[in-house]
Amino acid sequence: MPEPGVRPGTVKIQVGAAGICGSDIHEYVGGPISVPMSSPHPLTGETAPVVFGHELAGTVTEIGPGVTRVDVGDRVAVNAALSCGRCDSCAHGWTNVCRSIGFHGVTGGGGGFAAFDVVPESNLHRLPDEISDEVGALLEPLATGFHAVDLSGARQGDGVLVLGAGPVGLMVVLACVAAGIENIVVVEPSATRRSLAAVFGATRCLDPRTESVVDVTHNETRGHGAAAAFDAAAAPTSLADAVASTRPRGTIVNIAAWEKPTPFDPTTLLFRETLLRGSLAYTVGDFDRGVAFAADHAATLERLITRVIGLDDVITEGFDRLAFERHDDIKVLVRPGAAPSAASTAAG
Ligand SMILES: [Zn+2]
Ligand SMILES: [Zn+2]
């Protein structure tokens, strides 16, 4: 790929770190899902092939005409959500459900798995010194967690249930902690992920193969049930478990992309007027809250990074390994500046 050039209102970034996301793996194995194949994406004007990588941070090396908020040398994280600014959703401030929603690094317009990336100025968040490029690359999934917790309506004093402790489930745990929620039950078969969830603030972690999600959640909430349940697992029983574990008028937030339709009995929603809703990505405000949280919790967030690889290893050590091999990885980061021999497994 030729090195991209700046255009009016855009900024060139030397990519410091870019995360591989579960949705990247879905596109790789089962896609195309969101990658525009036959007609150009309305916001980027691009069709495949596109550059991937939507979780990234780096240093500004050049600014285009009209850019005023950032300057050369600034360190920034990229808010990947692209919105039109003209539709009814955007008018409400629901930019993450814009009628033309796109994602930088998925639907064209550039991406983070490259030495340099060009991004609209409006999609940048300046990073304080406390946030490294590696932690900066985690802000995108962190903002997703903040958005989901916000939509759930859960608040201080409530009990919540988080199904799945992959990167997004773990970010939901952190966002719950940030919201002052002290009673957090996490369901996760992997012992490694359960122990990280506990470090992140989960008060009770259980293996669904050996314990009942519904019984444990009711015990942990003194019989009330969870105020909110977050499905970041997309497991066959997770929606039914979520409904049965929530209190009257509780909310279930689906953050997971399901690979195929799943049997679900909507009648179960009637008895306690359970609300089932989706949560997609984040708004600028969610991202800002993530930056503020990460500045104070950088060392905690770093524990998500289980592997750092160079750009030349992105297929073998990144996509293929995550998709087809048994692995204990949580978040794999690509450092485009790193030589292939610098591929390493981070501590923790
Ligand atoms: Zn993602
Ligand atoms: Zn819009």
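In short, a report on the structure. As the structure is a prediction and not an experimental result, all values here were calculated from the model.

### Regarding the coordination of the zinc ion (ligand 1)
Octahedral six-donor coordination of a metal ideally yields angles of 90 or 180 degrees, compared with 109.5 degrees for tetrahedral four-donor coordination.
Stage number 1. Taken together, Cys21 (SG) and His54 (NE2) make up the full set of protein donors to the zinc ion (ligand 1), lying 2.1 to 2.3 Å away. Of this pair, Cys21 sits in the loop between strand E1 (10–19) and helix H1 (22–30) while His54 sits in the loop between H1 and strand E2 (55–63); the two residues are 33 residues apart in sequence, bridging distant segments of the chain.

### Some thoughts on unusual backbone geometry
Stage number 1. At the junction of Gly31 and Pro32, the peptide bond is cis and its omega measures out at 5° in the coordinates.
Stage number 2. When you line up the elements, Pro32 lands in the loop between H1 and E2.
Stage number 3. In the segment running from Ala48 into Pro49, the intervening peptide bond is cis, with an omega of 0°.
Stage number 4. Checked against the element boundaries, Pro49 lands in the loop between H1 and E2.
Stage number 5. In this structure, Ala234 is a non-glycine residue whose phi angle is positive, near 55°.
Stage number 6. Position of Ala234 among the secondary structure elements: in the loop between strand E11 (226–231) and helix H8 (238–245).
Stage number 7. What makes Ala234 partly exposed here is its relative accessible area of 26%.
Stage number 8. In this model, Arg249 sits at a positive phi of 60°, which is unusual for a non-glycine residue.
Stage number 9. Note that Arg249 resides in strand E12 (residues 246–254).

### So, the pattern of salt bridges
Stage number 1. Applying the stated rule across the entire model yields 18 salt bridges.
Stage number 2. Between Arg335 and Glu134 there is a salt bridge, with the nearest N and O atoms lying 2.4 Å from each other. Placement of the pair is Arg335 in strand E15 (residues 331–335) and Glu134 in helix H3 (residues 133–136), with a sequence separation of 201 residues.
Stage number 3. Look at Arg335 and you get partly exposed, because its relative accessible area is 29%.
Stage number 4. One salt bridge in this structure joins Asp150 and Arg289, with 4.0 Å as the shortest N-O distance. Here the residue Asp150 occupies a position in helix H4 (residues 139–152), and Arg289 occupies one in helix H9 (residues 284–296), the gap between them amounting to 139 residues.
Stage number 5. Residues participating in the shared-partner salt-bridge network are Arg307, Glu317, Arg321 and Asp329.

### Some thoughts on the nonpolar core
Stage number 1. Core analysis: the largest hydrophobic core is formed by 53 residues, its most contacted members being Leu142, Ile184, Phe230, Leu301 and Leu304.
Stage number 2. Top element by residues in this core is helix H5 (residues 167–178). It accounts for 7 residues.
Stage number 3. With near-sequence residues (within four places) excluded, Leu304 lies in contact with Leu138, Leu170, Met171, Leu196, Phe200, Ile330 and Lys331.
Stage number 4. Listed in part, the 24 residues of the second largest apolar core include Val78, Phe113, Val314 and Val332.

### Observations concerning H8
Stage number 1. Of all 8 residues in H8, 6 are buried, a share of seventy percent or more.
Stage number 2. All of the buried residues along H8 are Ser238, Leu239, Asp241, Ala242, Val243 and Ser245.
Stage number 3. Residues of H8 that are buried in the fold lie against strand E8 (159–163), helix H7 (213–220), E11, E12 and strand E13 (275–278).

### What to know about H4
Stage number 1. The terminal C-alpha atoms of H4, which comprises 14 residues, lie 20 Å apart, in line with the 20 Å expected from a rise of 1.5 Å per residue.
Stage number 2. Looking only at H4, the buried set comprises Leu139, Glu140, Pro141, Leu142, Ala143, Thr144, Gly145, Phe146, His147, Ala148, Val149 and Ser152.
Stage number 3. Phi turns positive, to about 75°, at Gly153, one or two residues after H4.

### A word on the layout of surface pockets
Stage number 1. Volume-wise, the second largest pocket comes out at about 630 Å³.
Stage number 2. Among the elements of the structure, H1, strand E6 (116–120) and helix H11 (314–324) are those that each provide at least two residues to the lining of the second largest pocket.
Stage number 3. In terms of residue class, the lining of the second largest pocket is built from 19 nonpolar, 5 polar and 6 charged.

### Quick notes on the sheet that holds E13
Stage number 1. Reading across from one edge, E10-E9-E8-E11-E12-E13 is the order of the 6 strands in this open sheet, with parallel pairing throughout. Here the strands that pair on one side only, and so sit at the sheet edges, are strand E10 (204–206) and E13. Going across the sheet, the axis of each strand differs from the next one's by a mean of 15°, ignoring polarity.
Stage number 2. Contacting E8, E11, E12 and E13, H8 crosses the sheet at an angle of about 150° to E12.

The rules behind these values
Residues numbered from 1 in each chain as written. Chains lettered and ligands numbered in written order. Predicted model: local features only at pLDDT ≥ 70, side-chain atom pairs only at ≥ 80, totals over all residues. Heavy atoms only, no water. Donors = N, O, S within 2.8 Å, 3.2 Å for Na, K, Ca; no water. Helix = DSSP H or I, 4+ residues; strand = E, 2+ residues; numbered from the N terminus. Buried < 20%, exposed > 50% of the residue type's maximum accessible area, 1.4 Å probe, protein only. Salt bridge = Lys/Arg side-chain N within 4 Å of Asp/Glu carboxyl O. Core = buried A, V, L, I, M, F, W, Y, C linked by side-chain atoms within 4.5 Å. Contact = heavy atoms within 4.5 Å. Expected span 1.5 Å × (residues − 1). 1 Å grid on protein atoms, 1.4 Å probe; cavity = no way out; pocket = protein on both sides within 12 Å on 5 of 7 lines; lining within 4 Å. Points joined across faces, edges and corners; volume = space filled by probe spheres on them. Nonpolar A, V, L, I, M, F, W, Y, C, P; charged D, E, K, R; others polar. Pairing = 2+ DSSP bridges. Axes fitted to C-alpha atoms, helices over the stretch in contact; angles between N-to-C directions.

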